[in-house]
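Listed here are the chains, written in short residue letters.
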Amino acid sequence: MIKVLGIFGSPRRGGNTELLLEEVLKGAEGEGAAVERIYLSDYTLTPCKECHGCDQTGQCVILDDMESIYPKLLESDIIVLASPIFFYGVTAWAKALIDRSQALWAKKYLLKDPSLGKEGKRRKGFFVSVGATKGPKVFEGAILTAKYFFDTVNADYVGELVVRGVDGKGEILQHPETLRQAYESGRRLVKEQER
Ligand SMILES: Cc1cc2nc3c(=O)[nH]c(=O)nc-3n(C[C@H](O)[C@H](O)[C@H](O)COP(=O)(O)O)c2cc1C
């Protein structure tokens, strides 16, 4: 069974990111995938200390809730990372997880662990985001961050669903077509993985 990991990067429960990602995940479940949800604001994640402790081991020296997230990342077939835009980037919640995946980066690029190499399992990465403003560049930084995170976990970046001009809590509900698109994205991700 295809395993989908949904990472909720907004601290606002019931907010726009959550509503949108939930549709993606429901679409995936509709295609028979096993979906796991991580609400990052329920986790305690210390930011990367740049100690380089992982360089020799591929393991982070910090012992916190990230310990339970590493195996989930590696067991997944599809990772859907969702975050609203905070100051032109992902939230600190999402960035903490991404920076802590430096241990996996070390495993892949320094230690050349085959599980994260070309012969290792390939997964897929999809990014979901919302922002209040409508500028053309509002998602640029976050998309780049997401792409390099996905590369680290051997996930091919297969695209994104980003929604501009959404600010108030739950405002995304006024965009039923976007929610439908989110559901379809989830279905498509699973269907394409099955091929
Ligand atoms: C700390 C903070 C920083 C933000 N920075 C931006 C920004 O740079 N650009 C933008 O378009 N929206 C920005 N926003 C607005 C949020 O992206 C927007 O309200 C979004 O809908 C929140 O999603 P959520 O309900 O999932 O938390 C910011 C909001 C907060 C709280």
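Just so it is clear, the structure is predicted and the values come from calculations on it, not from any experiment. (Residues numbered from 1 in each chain as written. Predicted model: local features only at pLDDT ≥ 70, side-chain atom pairs only at ≥ 80, totals over all residues.)

A.B. asks: So what exactly am I meant to see when it comes to the environment of E177 here?
C.D. replies: Checked against the element boundaries, E177 lands in helix α6 (residues 176–194). Of the residues examined, E177 has 7 C-beta atoms within 10 Å and is grouped as exposed. (Helix = DSSP H or I, 4+ residues; strand = E, 2+ residues; numbered from the N terminus. Buried ≥ 20, exposed ≤ 12 C-beta atoms within 10 Å, placed from the backbone.)

A.B. asks: I would appreciate a short explanation of the site of the ligand in the present structure.
C.D. replies: Around the ligand sit 19 residues, and of these G15, T17, P84, G131 and T133 come closest. In terms of residue count, the dominant contributor to the shell around the ligand is helix α1 (residues 16–30) (3 residues). For the shell around the ligand, the class distribution of residues is 9 nonpolar, 6 polar and 4 charged. (Near = placed C-beta within 6 Å. Nonpolar A, V, L, I, M, F, W, Y, C, P; charged D, E, K, R; others polar.)

A.B. asks: I tried to follow the pairing of strand β3 (residues 78–84) on my own but got confused; where do I start?
C.D. replies: Consecutive side chains along a regular strand alternate between the two faces of the sheet. Within β3, 7 of the 7 residues are buried, which leaves it mostly tucked inside the rest of the structure. Neither face of β3 is left uncovered, since the one carrying I78, V80, A82 and P84 and the one carrying I79, L81 and S83 both have all their residues buried. Sheet topology note: the strand β1 (residues 3–8)/β3 ladder contains 5 bridges and is parallel. Along β3, the bridge assignment pairs V4 with I78. (Pairing = 2+ DSSP bridges.)

A.B. asks: Teacher, can you tell me more about the sheet that holds strand β4 (residues 123–130) here?
C.D. replies: Strand pairs in the sheet, formed through backbone hydrogen bonds, run parallel or antiparallel to each other. The 5 strands lie next to each other as β2-β1-β3-β4-β5, forming an open sheet whose pairing is parallel. Edge strands, defined here as strands with exactly one partner in the open sheet, are β2 (34–39) and β5 (155–163). In this sheet, adjacent strand axes meet at a mean angle of 15 degrees when their direction is disregarded. Direction of pairing for β3 relative to β4: parallel, over a ladder of 7 bridges. By the bridge assignment for β4, A82 is matched with V128. Against the sheet, α1 contacts β1, β2, β3, β4 and β5, and its axis sits at roughly 165 degrees relative to β3. (Axes fitted to C-alpha atoms, helices over the stretch in contact; angles between N-to-C directions. Contact = placed C-beta atoms within 7 Å.)

A.B. asks: Would you take a moment to explain the packing of α1 against α6 for this structure?
C.D. replies: The description of two helices packed together rests on the angle between their axes and the distance between the axes. Where α1 meets α6, the closest approach of the two axes is 7 Å, and the angle between their N-to-C directions is 40 degrees. Relative to α6, α1 is oriented oblique. Crossing hand, α1 versus α6: right-handed. Of the residues in α6, those touching α1 at L20, E23, V24, L25, K26, G27, A28 and G30 are L179, A182, Y183, E184, S185, G186, R187, L189 and V190. Looking at side-chain class alone, the contact of α1 with α6 contains 9 nonpolar, 4 polar and 4 charged residues. (Parallel < 35°, antiparallel > 145°, perpendicular 65-115°, else oblique. Left-handed = near helix turned anticlockwise from the far one by under 90°.)

A.B. asks: Any chance you could explain the pairing of β1 here in plain terms?
C.D. replies: The element β1 is largely enclosed, with a buried count of 5 among its 6 residues. The sheet contact formed by β1 and β2 spans 6 bridges and is parallel. For K3, the partnering residue across the bridge sits in β2 and is A34. Crossover handedness for the path β1 to α1 to β2: right-handed. (Right-handed = clockwise from strand over helix to strand, strands pointing away.)

A.B. asks: Looking at this structure, how should I read the environment of L189?
C.D. replies: As for its position among the elements, L189 is in helix α6. Residue classification places L189 among the buried residues on the basis of 27 C-beta atoms within 10 Å. Separated by 155 residues in sequence, L189 and A34 place their C-alpha atoms 13 Å apart. Excluding its chain neighbours within four sequence positions, the residues that come into contact with L189 are A28, I78, K124 and F126.

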